[in-house]
Amino acid sequence: MLPSRSVLRPLGTAEIAITGGFWAEKQELNARVILAHCEKWMERVGWTANFDRAADGTVAESHAGIEFVDSEVYKLLEGMAWELGRMPDPALERRYHALVARVAAAQEPDGYLHTSFGRPGQPARFSNLEWGHELYCFGHLIQAAVARLRTGHDDALPAVARRLADHVWDVFGPGGRVAVCGHPEIEPALAELARATGEPRYLELARLFVERRGTGTLGPIAYGAEYFQDDTPVRDATVLRGHAVRALYLSAGAVDVAVETDDAELRAAVEAQWEATVARRTYVTGGMGSHHLDEAFGTDFELPPDRAYAETCAGIASNMLSWRLLLQSGDPRYAELIERTLLNTVLVSPREDGRAFYYTNTLQQREEGVEPDEFEVTDRALSSLRAPWFWVSCCPTNVARTLASVQLSFATASETGVQLHQYGSYAIDTVLGDGRRVQLDVRSGYPFDGEVTVEVGGETAVEFALTLRVPSWARGAATLRDRGVPVAVDGDTVTIERRFTPGETVVLSLPMEPRVTRPHPRIDAVRGQVAIERGPLVLCVESPDLPHGLDTEHVEIDLSVPPRASANGAVVTLRGRADDQPASLLPYGDPVPAPRTAPFEAALVPYFSWANRGPSTMRVWIPA
Ligand SMILES: [Zn+2]
């Protein structure tokens, strides 16, 4: 991700590293458990062996899994590449090269590479663009190659990706077949490959795929053309709609194309779609998608908590889009949505031990779920608790590649300064446009503690601009001390531009008192309810924290007692209540209200941490 023109420049793996705390634990879990978990499962269910079968000519009779499982192997390879770039590990490197060799062996002489199509006994290549996911899988292979290039290695996988992209150019490039894939993904991948290799044909191909979308090249499907965004050209659309992951990957690719081709109209169109989608189609957790049937966005304000789909991958895709818009504009609102989505949608997915994942991320669990079998594959949306693997297992590998590279979204540089967008403990060592080297040590107990200390490192004094993001929830209550001296904080960023001497510190303090959040009145499903947030975290009430005999369906919050902070969440005052006595056979008509219990205190925990204590009920929105 290195746009040829942008306001902010992303940092590479050599320029930023997590040094401890919350994010170090997550990256360590990914390195130690999640990557190996994904690898082991794909061996177990035969998805990796598909490449061996493709190479030896027997895959038509023995292909394992649905037609897009190649993409999971590629996302694992991307995660491994980022991890190797972050932290050398000879054992992981051997596993990486072994896996790349198996993938490369399945590539055909003309560059085509897919285990489900094109051989005798299989459907013909590109014969089912609506559902076949061939170009989608290619996109993930290309992104895995870009991760390898971005971490300094132009070796086997980038070579495979170039041959594959050249093949796609021959088939779908100028003068070729006018078509797109039913699942966007190759668009951002090709644009990034163009950036990483300097090959302009890949960018042109990305542009063609973006421009062709919405022109009806895909055949009719039951969900309608909106499902794969083929209803309206990207530049004419006003809001994101249809399948959420598809819509968000496409938008990310459209921004890449708009940036690299200097297409202001296209960029403005996607910015407006982001704005409308965030304002009317996004859960308080940052989750997107409220339709289970087609994994799609609902209509405006259709955000039922108990029917939230909020797929983990949609959260990751949303952050891919917001990141691109952040780089182009410097607007901290994009970083704020990234923070909300990362902490409250993406991080919900992996179980604390890294061996099970949420695919969908409900905001209300009405009944205790059933723990899926540790050795069984689950249907994607059926598990009420995290599952080890899914028949469509896009989310675990997406989590793996995201955690392996998450530090890259924490900060950026510009010609004259460094911008901190996300907080935690990490070190930056970068060189600004004119050769000034800036070294920073950022330390924080974030997201639980609101104090962020930035210490200037290096050996000599250096003049630069240090910009810190001030979240909207901290507006008016955040404080900043520069060398111990208070500095006024107003607006959504604060910049200190001066000559910094090694050892000097800037300390940002963000308020961590719990906040009562009310929904927009048009979100009917949560009218009369409140959510409690603390810092960047959305909290929830979970049944293990309630008195025995109560579940989360039978509590109300007493807001006459202000919530107070606990170590990781908040303590609130609740009352229990039985179900009202209905006035008729049906649950309608004026009921006889049930009495409330005496008020009692209960702990709210971070939403991302729920369902780590066995089956439970849970809700984010609490009746007030
Ligand atoms: Zn997914």
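In this report, the structure presented in the accompanying data block is examined. Being a predicted model, the structure only gives us computed values, none of them experimental.

How each quantity is defined
- Residues numbered from 1 in each chain as written.
- Predicted model: local features only at pLDDT ≥ 70, side-chain atom pairs only at ≥ 80, totals over all residues.
- Heavy atoms only, no water.
- Helix = DSSP H or I, 4+ residues; strand = E, 2+ residues; numbered from the N terminus.
- Rg over C-alpha atoms; globule rule 2.2 N^0.38 Å.
- Buried < 20%, exposed > 50% of the residue type's maximum accessible area, 1.4 Å probe, protein only.
- Contact = heavy atoms within 4.5 Å.
- Areas by Shrake-Rupley, 256 points an atom, 1.4 Å probe, with all protein chains shown as cover.
- Lys, Arg positive; Asp, Glu negative; His and termini not counted.
- Charge placed at Lys NZ, Arg CZ, Asp CG, Glu CD.
- Donors = N, O, S within 2.8 Å, 3.2 Å for Na, K, Ca; no water.
- Phe/Tyr/Trp six-rings, centres within 6.5 Å; stacked < 30°, edge-to-face > 60°.
- Lys NZ or Arg CZ within 6 Å of the ring centre and 35° of its normal.

A look at the overall build of the protein
And then number 1: Broken down by element type, the protein carries 14 helices and 22 strands.
And then number 2: For the protein, the C-alpha radius of gyration of 25 Å lies close to 25 Å, the compact-globule estimate for 624 residues.
And then number 3: Expressed as lengths along the three principal axes of its C-alpha atoms, the size of the protein is roughly 75 × 70 × 50 Å.
And then number 4: Across the 624 residues that make up the protein, the buried fraction comes to 60%.
And then number 5: Considering only contacts within the protein whose residues lie at least 6 apart along the sequence, 68% involve residues at least 24 apart.
And then number 6: As displayed, the protein offers around 22,700 Å² of accessible surface, 52% of which is attributable to carbon and sulfur atoms.
And then number 7: Separation between the mean location of the 60 positive side-chain charges and that of the 85 negative ones in the protein comes to 2 Å.

With respect to the coordination of the zinc ion
And then number 1: Protein-derived ligands of the zinc ion are Glu-311 (OE), Cys-313 (SG), Cys-394 (SG) and Cys-395 (SG), with the metal-ligand distances lying across 2.1 to 2.3 Å.
And then number 2: The sequence motif formed by the donor residues of the zinc ion is E-x1-C-x80-C-C. For the residue pair Cys-394 and Cys-395, the accessibility class agrees, reading buried in each case.

Brief notes about the packing of aromatic side chains
And then number 1: Within this structure, the stated rule accounts for 24 aromatic pairs.
And then number 2: On the numbers, 6.2 Å between centres and 90 degrees between planes, the contact of Phe-68 with Tyr-136 is edge-to-face. Placement of Phe-68 in the loop between helix H3 (59-62) and helix H4 (70-86) and of Tyr-136 in helix H6 (residues 134-150) is noted, with a sequence separation of 68 residues between them. The same class applies to Phe-68 and to Tyr-136, which are both buried.
And then number 3: Ring plane angle 85 degrees and centroid distance 5.6 Å describe the contact between Tyr-112 and Phe-126, whose orientation is recorded as edge-to-face. Of this pair, Tyr-112 sits in the loop between helix H5 (90-105) and H6 while Phe-126 sits in the loop between H5 and H6; the two residues are 14 residues apart in sequence, bridging distant segments of the chain. An identical accessibility class is assigned to Tyr-112 and Phe-126; each is buried.
And then number 4: Taken together, the ring pairs in this structure connect Phe-22, Trp-23, Phe-410, Tyr-426, Phe-448 and Phe-608 into an aromatic cluster.
And then number 5: If you follow Arg-44 out to its NZ or CZ, it ends over the ring of Trp-41, 4.4 Å from the centre.

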